[in-house]
Each structure stands twice: as C-alpha cells, then as structure tokens.
Amino acid sequence: NLANRIKTATGASGWKEAPAATLASLSTMFANLATGADVTWDGKKFTNHRLGITGLMDQNGYICFGPNCGGLITQWGSSDYGYVKFPIAFTAFRRVLLTHQGSAFMIAKFTESINNNGFTLSVADLNGGVNVAKGYDAQYLAIGK
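Here is a short report on the structure shown in this document. Note that the structure is a prediction, hence the values are computed from the model and not measured.

Reading guide: rules and limits
Residues numbered from 1 in each chain as written. Predicted model: local features only at pLDDT ≥ 70, side-chain atom pairs only at ≥ 80, totals over all residues. Heavy atoms only, no water. Salt bridge = Lys/Arg side-chain N within 4 Å of Asp/Glu carboxyl O. Helix = DSSP H or I, 4+ residues; strand = E, 2+ residues; numbered from the N terminus. Buried < 20%, exposed > 50% of the residue type's maximum accessible area, 1.4 Å probe, protein only. Contact = heavy atoms within 4.5 Å. Patch = residues over 30% accessible without salt bridge, like charges linked within 9 Å, V, L, I, M, F, W, Y side chains within 5 Å. Areas by Shrake-Rupley, 256 points an atom, 1.4 Å probe, with all protein chains shown as cover. Core = buried A, V, L, I, M, F, W, Y, C linked by side-chain atoms within 4.5 Å.

### Focus: the pattern of salt bridges
At step 1: All chains considered together, the criterion is met by two salt bridges.
At step 2: For the salt bridge of Asp38 with Arg50, the shortest nitrogen-to-oxygen distance reads 2.7 Å. A residue pair is termed long-range when its members are at least 10 positions apart, and Asp38 in the loop between helix H2 (23–35) and strand S1 (39–42) and Arg50 in the loop between strand S2 (45–48) and strand S3 (53–56) qualify at twelve residues.
At step 3: We note a salt bridge from Lys44 to Asp58, for which the minimum N-O separation is 3.1 Å. One end of the pair, Lys44, is in the loop between S1 and S2; the other, Asp58, is in the loop between S3 and strand S4 (61–64), and 14 residues separate them in sequence.

Structure, rendered in structure tokens:
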C-alpha cells in the first residue's frame, strides 16, 4: 500500500517514476512569488509570467489580473481636456468611478456613452454652462475585462 500512496501523492503513473514537481521546486516557486523574481519590467510595464498578471505603472495605467482572475482589468488616470482613452481596451466594460479635480462647484458628467476604448466627459457648472478646460478634468478608475 505504501507504493500506491507514493504513486497517488506524486501524480506519477508508477511509484518508481519521478514526481512532476519536487518539494524543492515548489519551494523555489513560492520564494520567487514572494520576492517578485518572476516579474519582468520593460520601462514602466511589468509582466508576471507565472501568474499571468501584466500592468503599466504610470499616471494613466492598468493592471490586468489575467485568466486566473477571470481577465479582470483595473485602469486609472486622468482625462485630457475631457476625453479619456484607456491605456488598453476592455473586451467587456463594467464601471467607471470619477473624481473631479476642479472647483467644488463643478460636476463631471458623461457626454458620450462609455465604450471599451474610453469615454468623453464634459464638466458642467451648477448653472448649466460647460467647461472642458484642462483645469476641470477628472481622475478615473475603470473596471472591466
């Protein structure tokens, strides 16, 4: 029964066959995950090949959590004269959260529907006027996949 237990525990076809992963290789894998050794950087872009996570760490950036997290993407940044082009396109869009960076008397609103590549917003004052000057743009956090 001991040989059968070894075969079952290792996932091998026989008890004399080497296991697919050793305790030493698993230990190395977990150490690399903890230290970030599996992450490669290209400027401000990063990729964790083992976990399938990619991202851009910049003022307008994103993190794509990969297939293990259902393809979830979080993107952030600020509008440029009222227009936002996402750093990467979504295949399925979910939500945008906005904060206004101008006067406390201004509100941000969408003038075009949000799509997978970005959106346009205008900033209206409380009297109904519209201003999309750079000083009245907004920061955003977008979630989708």
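More follows now that the structure is in view.
### A look at the side chain of Asn48
At step 1: For Asn48, the position within the fold is in strand S2.
At step 2: The exposure class of Asn48 is buried, given its relative accessible area of 9%.
At step 3: Among all residues touching Asn48, those that are not within four sequence positions of it are Leu33, Asp38, Val39 and Ile53.

### Notes on a nonpolar patch on the surface
At step 1: Together, Leu2, Ile6 and Trp15 make up an exposed nonpolar region whose accessible area comes to about 340 Å².
At step 2: With respect to the secondary-structure elements, Ile6 resides in helix H1 (residues 2–10).

### With respect to the nonpolar core
At step 1: Membership of the largest hydrophobic core is limited to eleven residues, which are Leu56, Tyr62, Cys64, Ile73, Val84, Phe86, Phe90, Phe93, Val96, Tyr140 and Ala142.
At step 2: The set of elements that each furnish at least two residues to this core consists of S4, strand S7 (93–100) and strand S11 (138–144).

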